Amino acid sequence: MARRIAGRALRALLLLQPPARAAPFTPRGPAASYGTSVTSAKIQVNGVHLHYQQTGEGSHAVLLLPGMLGSGQTDFGPQLKSMNKQLFTIVAWDPRGYGQSIPPSRDFPPDFFERDAKDAVDLMQALKFKKFSLLGWSDGGITALIAAAKYPTLIHKLVVWGANASVTQEDVRIYNGIRDVSKWSEKVKKPLEEMYGHDYFAKTCEAWVDGICRFAEKSDGNICQQLLPDIKCPTFIIHGEKDPLVPQAHAEYIHKHIKGSQLLLMPEGKHNLHLRFAEDFNRQVEDFLH
């Protein structure tokens, strides 16, 4: 069932919980700063040295999966900083060709999402996590959907936002609208140019647009629609109603085809809702995971 939170700052934070548990939002106490150091390292997985960041000492392992051109550093600062370090051990990875997992240069073969899903799962196993939850944003959400379907015994819970299981002609129009990075806002563009340099950033964005638009050449635009019924773990889908990049129909489709999943609509949320409404997002996700 879709659940709607009213209010600009999503003040009714606990609508997903039974009324008896409802409580006013209070700032986080000292527990949130428990074991706050963030380590950064590389480990060889599937022939590539993958970079990851890790924080927290909790028994529940969580992998954060970034979006296109993303990395733990650029995509998940508020989660690495503020998610509960007593409950969770949080890992944020840089997929091959992104962030500090270069070389290799990023490419987009037809199976790039499946490749990322295998890399992500194998990374967590290399780090000795036997079972873990996935938090996937945008492209990372697609990767997380595929991983949850293909490796069900390893995945505890799943959270995705800004994700889609297919590519429509409307999506192709949207993607082509971001092909030229010179038209991006400085706020979004600057950290990526600082990480990659302008040429790699611009070239990789164009290659991503070409790669993702290829899915639309199929009659149904399928990326991973057929896998959604195979997802058996508890699943939480979040969608920003003002997301300019991913139409709401994608979130509704994913919700409909994953049995027992929950869908949360954020009226003021855009594509980066986990950054814009970080405290509220973290609380919702922690409540679901815990």
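Relevant structure appears above.
Sequence order as written defines residue numbering, which begins from 1 separately in each chain. Reporting in this predicted model follows two pLDDT cut-offs: at least 70 for local features of residues, and 80 or more for side-chain atom pairs to be given and counted; totals over whole chains, interfaces and linings ignore these cut-offs and use all residues. Side-chain descriptors were evaluated using all non-hydrogen atoms of the structure, hydrogens and water having been removed beforehand.

Q: If you had to explain the packing of aromatic side chains to someone new, which residues and values would you point to?
A: Each Phe, Tyr or Trp ring (for Trp, its six-membered ring) is paired with any other whose centre lies within 6.5 Å, and the angle between the two planes then decides the class: stacked below 30 degrees, edge-to-face above 60, tilted in between. For the coordinates displayed, the defined rule picks out 10 aromatic pairs. Each ring, one from F112 and one from F215, has its centre 6.2 Å from the other, and the planes form 55°; the classification is tilted. With F112 in helix α3 (residues 112-126) and F215 in the loop between α7 (198-213) and β8 (235-240), this pair connects stretches of sequence that are 103 residues apart. For the pair shown, F112 and F215 are each scored as buried. An angle of 40° between the planes, with centres 5.2 Å apart, marks the rings of F236 and F288 as tilted. Helix numbering and strand numbering both begin at the N terminus, where a helix is a DSSP run of H or I of at least 4 residues and a strand a DSSP run of E of at least 2. Partly exposed describes any residue whose relative accessible area lies between the buried limit of under 20% and the exposed limit of over 50%, with all areas from a 1.4 Å probe on protein chains only and scaled to the type maximum.

Q: I'd like to hear about the nonpolar core, residue by residue, with values.
A: We define the nonpolar core as a collection of buried residues of types Ala, Val, Leu, Ile, Met, Phe, Trp, Tyr and Cys that are connected through side-chain atoms lying within 4.5 Å of one another. Counting residues in hydrophobic clusters, the biggest one holds 67 residues, and the most contacted among them are F132, L134, L145, L158, W208, I212 and I231. Examining the composition of this core, we find that 8 residues originate from one element, α7, more than from any other. In what follows, residue pairs with any heavy atoms lying within 4.5 Å of each other are defined as contacts. Ignoring any residue separated from it by four or fewer positions in sequence, one finds L134 in contact with L63, L65, A144, A147, A148, I155, K157, L158 and V159. Membership of the second largest hydrophobic core comes to 22 residues, among which are I238, L273, F277 and V285.

Q: An account of the packing of helix α6 (residues 186-196) against α7 is requested, with residue identities and associated values reported.
A: Interaxial angle, 0 to 180 degrees, is taken between N-to-C directions of lines fitted to C-alpha atoms, where a helix line uses only the stretch in contact. In contact at an axis separation of 7 Å, α6 and α7 are set at 110° when each is read in the N-to-C sense. By the angle between their directions, the pair α6 and α7 is classed as roughly perpendicular. Touching K189, L192, E193 and Y196 of α6 are H198, Y200 and F201, all from α7. Class assignment of the residues belonging to the contact of α6 with α7 gives a composition of 4 nonpolar, 1 polar and 2 charged. Comment on the angle field: the value is read as roughly parallel under 35 degrees, roughly antiparallel over 145, roughly perpendicular from 65 to 115, and oblique elsewhere. Ten residues, namely Ala, Val, Leu, Ile, Met, Phe, Trp, Tyr, Cys and Pro, are considered nonpolar, four, namely Asp, Glu, Lys and Arg, are considered charged, and the remaining ones, Gly among them, are considered polar.

Q: Describe empty space enclosed by the protein, naming the residues involved and giving the relevant values.
A: One water molecule sets the probe size; rolling that probe over the atoms shows where empty space is left. Computed over the protein atoms alone on a 1 Å grid, cavities are sets of points where a 1.4 Å probe fits but cannot get out and pockets are open sets with protein on both sides within 12 Å along at least five of seven lines; a residue lines them when it has an atom within 4 Å of a point. Grid points are joined across faces, edges and corners, and a volume is the space filled by probe spheres set on the points. One pass over the structure, following the stated rule, counts 1 cavity of 30 Å³ or more. In this structure, the largest cavity occupies an estimated 70 Å³ of space. Lining the largest cavity are L65, P66, W93, P95, Y98, R106, F112, F113, D116, D139, G140 and T143. Contributions of two or more residues to the lining of the largest cavity are made by α3 and α4 (139-150). Looking at the lining of the largest cavity residue by residue, the classes come out as 7 nonpolar, 2 polar and 3 charged.

In short, shape yes, function no, at least from these values alone.
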